[in-house]
Amino acid sequence: MSNQQLVTELNRQLSNWNVLNTKLHNFHWYVKGENFFTLHEKFEEFYNEAATNIDEIAERILTIGGKPVATLTQYLEGSSIKEAAGNEVAKDMVSALAADFTTISKESDEIIRLAEENGDEATADMFIALKSSIQQHTWMLNAFLGK
């Protein structure tokens, strides 16, 4: 198995997190309504976490001999999630994030599988931990929505 498949999937995640980071800033700046204080703070927490994930994923790609994508065009083309439309209301913002975290979590399974097949326990462990965190975020967002 080629390490390139793993690098390709890692770059998809790098793209996802960059698109998500921008979406989270959008939501942070534009959220309105009765849940403003709660969501404004939560979105900031999420984008700070996203920034950390972006750096760690890019550095992991470099560590295993790959080349991380690093332009906005590459992020948008390589991402499985979509950027914000810019007109979402608070409930739509939370729903979008729950869906995005679900997508990232599911795609993490492929990275974990590929990393394990390549004998790359460090990458597998990194994404197992990341997936655990994302699953908790998804649960909390869905609880906020009453699901």
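Note: the structure precedes this text.
The following refers to the structure shown. Quantities reported herein were computed from a predicted structural model and do not represent experimental measurements. (Residues numbered from 1 in each chain as written. Predicted model: local features only at pLDDT ≥ 70, side-chain atom pairs only at ≥ 80, totals over all residues. Heavy atoms only, no water.)

**Section: the overall build of the chain**
- Scanning the chain for helices and strands turns up 5 helices and 0 strands.
- Sequence-ordered secondary structure for the chain, helices as α and strands as β, is α-α-α-α-α.
- Taken against the 2.2 N^0.38 rule, which gives 15 Å for 147 residues, the C-alpha radius of gyration of the chain at 15 Å falls within 12% of a compact globule.
- Dimensions of the chain, computed from the C-alpha atoms along their principal axes, are close to 50 × 30 × 20 Å. (Helix = DSSP H or I, 4+ residues; strand = E, 2+ residues; numbered from the N terminus. Rg over C-alpha atoms; globule rule 2.2 N^0.38 Å.)

**Comments concerning the packing of helix α4 (residues 90–117) against helix α5 (residues 121–144)**
- Where α4 contacts α5, the axes come no closer than 9 Å and their chain directions differ by 160 degrees. In terms of orientation, α4 and α5 fall into the roughly antiparallel class. Taken as a pair, α4 and α5 cross one another with a handedness that is left-handed.
- Looking at side-chain class alone, the contact of α4 with α5 contains 14 nonpolar, 8 polar and 3 charged residues. (Axes fitted to C-alpha atoms, helices over the stretch in contact; angles between N-to-C directions. Parallel < 35°, antiparallel > 145°, perpendicular 65-115°, else oblique. Left-handed = near helix turned anticlockwise from the far one by under 90°. Nonpolar A, V, L, I, M, F, W, Y, C, P; charged D, E, K, R; others polar.)

**A closer look at the nonpolar core**
- If you look at the biggest cluster of nonpolar residues, it comprises 42 residues, and the most contacted ones within it are W17, F43 and L97.
- Elements with a minimum of two residues in this core: α1 (3–30), α2 (36–63), α4 and α5.
- Counting residues per element, this core draws most heavily on α4, at 11 residues.
- With residues up to four places along the chain from it excluded, the contact list for L97 reads L20, K23, L24, F27, F43, F46 and L141. (Core = buried A, V, L, I, M, F, W, Y, C linked by side-chain atoms within 4.5 Å. Buried < 20%, exposed > 50% of the residue type's maximum accessible area, 1.4 Å probe, protein only. Contact = heavy atoms within 4.5 Å.)

**Looking at the environment of W17**
- Mapped onto the elements, W17 comes out in helix α1.
- Owing to a relative accessible area of 1%, W17 belongs among the buried residues under this scheme.

**Remarks on α5**
- A rise of 1.5 Å per residue sets the reference length of α5, with its 24 residues, at 34 Å; its end C-alpha atoms lie 35 Å apart and thus fit the reference within 8%.
- Buried residues belonging to α5 abut α1, α2 and α4.
- Of the residues flanking the end of α5, it is G146, one or two places downstream, whose phi is positive at about 80 degrees. (Expected span 1.5 Å × (residues − 1).)

**Description of the packing of α1 against α2**
- Running from amino to carboxyl end, α1 crosses α2 at an angle of 155 degrees, the nearest separation of the two axes being 9 Å. Taken together, the axes of α1 and α2 are roughly antiparallel relative to one another. You can see that α1 and α2 cross each other, and the crossing is left-handed. Contacts between α1 and α2 involve V7, L10, N11, Q13, L14, W17, N18, N21, L24, H25, F27 and H28 from the first element and H40, F43, E44, F46, Y47, A50, A51, N53, I54, I57, A58 and I61 from the second.

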